[in-house]
Amino acid sequence: CPIYDSKSPNASNLKITRMDKTCGSVLGGDEIFLLCDKVQKDDIEIRFYEGEEEEDCWEAFGDFSPTDVHKQYAIVFKTPGYHSTEIDHSVTVFLQLRRKNGGDCSEPKQFTYVPHDRDKEEVLRKRQK
Amino acid sequence: NAIYDKKATTTSELKINRLNVVRGPCTGKTEIYLLCDKVQKDDIDIIFSVGKWEAKAEFAQTDVHRQIAIVFKSPPYWEQDIREEVDVNVFLRRQSDHMDSEPVKFTYEPQNQDPYEVNRK
């Protein structure tokens, strides 16, 4: 069992504590607030993926800059689009925190992509006005 | 047990950096994520205010994440029968010395957004 130095962000475990949304548009671009254990703003990525097997695994990354990492314990990012926007029912994938250097990962959380619905989008847009 | 830099969080300036949601129904209960500078979880309130009205947002100490984020629910607006949107201020208040942060804006929406109701007014 490895011994972690709990004070070093490099050695401690990555963990997603809480997210304000767990579903969003298949097109991506939804803003999510993610609360986490200590991360380093220059050495962290948010990996969305589907499938366990290496060869047919889809992956894409949350969009954020180092300034979107708040005090090492929260990240505001935008979801990536799903590989197919032509889905007719919801698809659940996983996301996890991953260090760019070393590749350590957090436990995954589920995220559900919902189909693109033009009518619904119109309604939402009108409601926001 | 974590050792907090007590001096910093009992006297430092309070600051709201970001809210994930800036509007919600006047009935309250909108879940909001707030990112802030370091706070003490047992010494902080989130105040909604406009004019003489003030109300505290609802959260537990366990909703304060690592001193820099708070997940809370908006309080109901004092008036439930509003016909138009109302802008209010949201700010952090330290309980011990009553220091307030700069406010950010939150918009309460009428419960009944039926356009005919609005037109009738």
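Refer to the structure above for everything that follows.
Now for a quick tour of the structure. (Residues numbered from 1 in each chain as written. Chains lettered and ligands numbered in written order. Predicted model: local features only at pLDDT ≥ 70, side-chain atom pairs only at ≥ 80, totals over all residues. Heavy atoms only, no water.)

A few points about the sheet that holds strand S2 (residues 23–25) of chain B
Residue and element names in this part refer to chain B. In space, the five strands of this open sheet follow the order S2-S9-S8-S4-S5, with mixed pairing throughout. Of all strands in the sheet, those bounded by a partner on one side alone are S2 and strand S5 (53–56). Going from strand to strand, the sheet's axes swing by 35° on average, the running direction of each strand aside. Bridge count between strand S4 (residues 44–50) and strand S8 (residues 86–94): six bridges; the pairing is antiparallel. Residue pairing in the sheet places Ile46 in a bridge with Leu92 of S8. (Pairing = 2+ DSSP bridges. Helix = DSSP H or I, 4+ residues; strand = E, 2+ residues; numbered from the N terminus. Axes fitted to C-alpha atoms, helices over the stretch in contact; angles between N-to-C directions.)

Brief notes about the sheet that holds strand S3 (residues 31–36) of chain B
All names here are of chain B. The antiparallel open sheet is built from four strands, whose spatial order is S1-S3-S7-S6. Strands with a single pairing partner mark the edges of an open sheet, and in this sheet they are strand S1 (16–19) and strand S6 (64–65). Summarising the sheet, S6 and strand S7 (residues 69–73) pair through two bridges and their orientation is antiparallel. In the sheet register, His65 faces S7, and the bridge partner there is Ala69.

Here's the deal with the side chain of A:Ser25
Residue and element names in this part refer to chain A. Structurally, Ser25 is set in strand S2 (residues 23–25). By relative accessible area, which is 18% here, Ser25 ends up buried. Residues in contact with Ser25, not counting those within four places in the same chain, are Asp30, Tyr113 and Val114. (Buried < 20%, exposed > 50% of the residue type's maximum accessible area, 1.4 Å probe, protein only. Contact = heavy atoms within 4.5 Å.)

Considering the interface of chain B and chain A
Accessible area lost upon the coming together of the parts serves often as the stated size of an interface. Taken together, the 15 residues of chain B in the interface contact 15 residues of chain A. Buried area between chain B and chain A, both sides added, is near 1,500 Å², and the carbon and sulfur share of it is 58%. Interface area lost by chain B to chain A is led by B:Arg18, B:Tyr33 and B:His65, which between them contribute 38%. The shortest N-O distance in the salt bridge between B:Arg66 and A:Asp37 comes to 3.0 Å. Where chain B meets chain A, there are ten residue pairs in polar contact (both at pLDDT 80 or more). The set of elements that each furnish at least two residues to the side of chain B that touches chain A consists of S1, S3 and S7 of chain B. (Buried area = accessible area lost by both parts, 1.4 Å probe. Salt bridge = Lys/Arg side-chain N within 4 Å of Asp/Glu carboxyl O. Polar contact = N/O pair within 3.5 Å; in protein donor to acceptor, adjacent residues only side chain to side chain.)

Digging into the environment of B:Ser49
Residue and element names in this part refer to chain B. Among the structural elements, Ser49 can be located in strand S4. Counting along the chain gives 36 residues from Ser49 to Glu13, while the straight-line C-alpha distance between them is 20 Å. With sequence-adjacent residues up to four places away left out, Ser49 is seen in contact with Glu54, Val88, Asn89 and Phe91.

So, the packing of aromatic side chains
All names here are of chain B. For the structure on display, the rule yields 16 aromatic pairs over all chains. Ring plane angle 65° and centroid distance 6.2 Å describe the contact between Trp53 and Tyr108, whose orientation is recorded as edge-to-face. Taken as a pair, Trp53 in strand S5 and Tyr108 in strand S9 (residues 104–109) lie far apart in primary sequence, 55 residues in all. (Phe/Tyr/Trp six-rings, centres within 6.5 Å; stacked < 30°, edge-to-face > 60°.)

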